[in-house]
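Structure at a glance
In case you want the letters, here they are:
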Amino acid sequence: MRINLISDTVTKPTPGMLKAMLYAQVGDDVFKNDPTINALEEKVADFFGMESALFFPSGTMTNQTAIKLHTNPGDQLICDKYAHVYNYEGGGVSFNSGVSCKLVDGNRGMMTAEQVEKAINPPDFYHSPLTSLVCIENTTNKGGGACWDFEELKKIRHICDANQLNYHLDGARIWNALVKKKEDPRSYGDLFDTISVCLSKGLGCPVGSVLVGSKEHIAKALRIRKILGGGMRQSGYLAAAGIYALDNHIDRLQEDHEKAQELGKVLSDLPFIRKVEPIETNIIIFELEESLFSEQEFLSILSENGIDIIGMGQGKLRMVTHLDYTDEMHKRTLQVLQESVSETI
Ligand SMILES: *Cc1c(COP(=O)(O)O)cnc(C)c1O
């Protein structure tokens, strides 16, 4: 039994999901003739109470499309220094949109409305890039699965309104935030101009992301997706997995969150762990006391015991719980951490 805690993207489709995929009704989605894609897009739009939605092969393409449709070349967007759109999308913001990022020094990937307001360039000062978009991430990835305070998100909406800025939510793991905070997805639909979500993270699909927004925004997004090469044909097989996941895999995220809490608790009791960051959802970020245990040693002891995790750089290590991380694996991981690792030291 190998235990993979590297990411919540490592899951394989469940038998129920595979069956839904196998029997999907499909057509050619480039001609908008795939009934399962159309049903998924309608379902996700309705979930957030927004007008329209569009299926994408990846969350990166969804975010990049949103940024492209909200900006012009030369513009600047505001995001936290930890933002996925800035750190992990290959520089696509500049490559695809000719846009720069004004980075805000937030807390665990989250900025305050005041910080956002201060980051806006005065629109009449033509020497500076024109600020046109604010991107936020919920839950935060590099911030350790942290969930935003909804009141702060509302304050940022007011700042966007007062300054004619668009407001995009990178909601790759919005499902985790909704479950954790018991929030209504429609309140997010009311707040943001566009929302991107991932079906291939905690929800366990093999592929897929969706962009949600107004009819006008999604019409523009369709053209951009075409340009980026994201138009697919009988993609209803993938959409069927998405529909199945939305119906069956959201509520169970609670289990991933509980397991993450338990892992965090065991880690914080270990003498060679310097710090475990606050755990709100399914991501655990922690640091070793390097004088007692090097990162390499720790990773190889875990690996010898069948457990894979990754380092994030700067001395930080990460574990992510997910659908394929079973109760049995969890028991084993807790045991390995408590016994084998402690004995080695
Ligand atoms: C995973 C992720 C994405 C999209 O990633 P893909 O691997 O391209 O699907 C976007 N934003 C955040 C915060 C993510 O964690």
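No experiment lies behind these values; they were computed from the predicted model shown.

1. Here we look at the site of the ligand
Taken together, 13 residues lie around the ligand, and Gly59, Thr60, Asn141, Asp170 and Lys201 are the ones closest in. Here Asp170 contributes a side-chain N or O atom positioned 2.6 Å from a nitrogen atom of the ligand. In this structure, an oxygen atom belonging to the ligand sits 2.8 Å away from a side-chain N or O atom of Lys201. With respect to the detected pockets, the ligand is housed in the largest pocket. When residues of the shell around the ligand are assigned to their parent elements, the largest contribution, 3 residues, is made by helix α3 (residues 59-70). When its residues are assigned to classes, the shell around the ligand shows 2 nonpolar, 6 polar and 5 charged.

2. Focus: the sheet that holds strand β4 (residues 100-104)
With mixed pairing, 7 strands are arranged side by side in an open sheet as β2-β8-β7-β6-β5-β3-β4. Pairing within the sheet leaves two strands with one partner each, and these edge strands are β2 (52-56) and β4. Between one strand and the next, the sheet's axes are offset by a mean angle of 20°, whatever the strand orientation. Sheet topology note: the strand β3 (residues 76-80)/β4 ladder contains 5 bridges and is parallel. Its bridge partner lying in β4, Ile78 is registered against Lys102.

3. Comments concerning helix α2 (residues 35-47)
For α2, built from 13 residues, the straight-helix expectation of 18 Å at 1.5 Å per residue is met to within 8% by its first-to-last C-alpha distance of 18 Å. Within α2 the residues assigned to the buried category are Thr36, Ile37, Leu40, Glu41, Val44 and Ala45. Looking at the buried positions of α2, the neighbouring elements they touch are β2, β7 (194-198), β8 (209-213), α10 (215-228) and α11 (236-248). Put simply, Asp34 is the residue that caps the front of α2, since its side-chain oxygen is 3.0 Å from the backbone nitrogen of Thr36. Taken from the residues just after α2, Gly49 is the one with a positive phi, measuring 65°.

Conventions used here
Residues numbered from 1 in each chain as written. Predicted model: local features only at pLDDT ≥ 70, side-chain atom pairs only at ≥ 80, totals over all residues. Heavy atoms only, no water. Near = heavy atom within 4 Å. Polar contact = N/O pair within 3.5 Å; in protein donor to acceptor, adjacent residues only side chain to side chain. 1 Å grid on protein atoms, 1.4 Å probe; cavity = no way out; pocket = protein on both sides within 12 Å on 5 of 7 lines; lining within 4 Å. Sits in = over half its atoms within 2 Å of the grid points. Helix = DSSP H or I, 4+ residues; strand = E, 2+ residues; numbered from the N terminus. Nonpolar A, V, L, I, M, F, W, Y, C, P; charged D, E, K, R; others polar. Pairing = 2+ DSSP bridges. Axes fitted to C-alpha atoms, helices over the stretch in contact; angles between N-to-C directions. Expected span 1.5 Å × (residues − 1). Buried < 20%, exposed > 50% of the residue type's maximum accessible area, 1.4 Å probe, protein only. Contact = heavy atoms within 4.5 Å.

So yeah, pure geometry; function would need other evidence.
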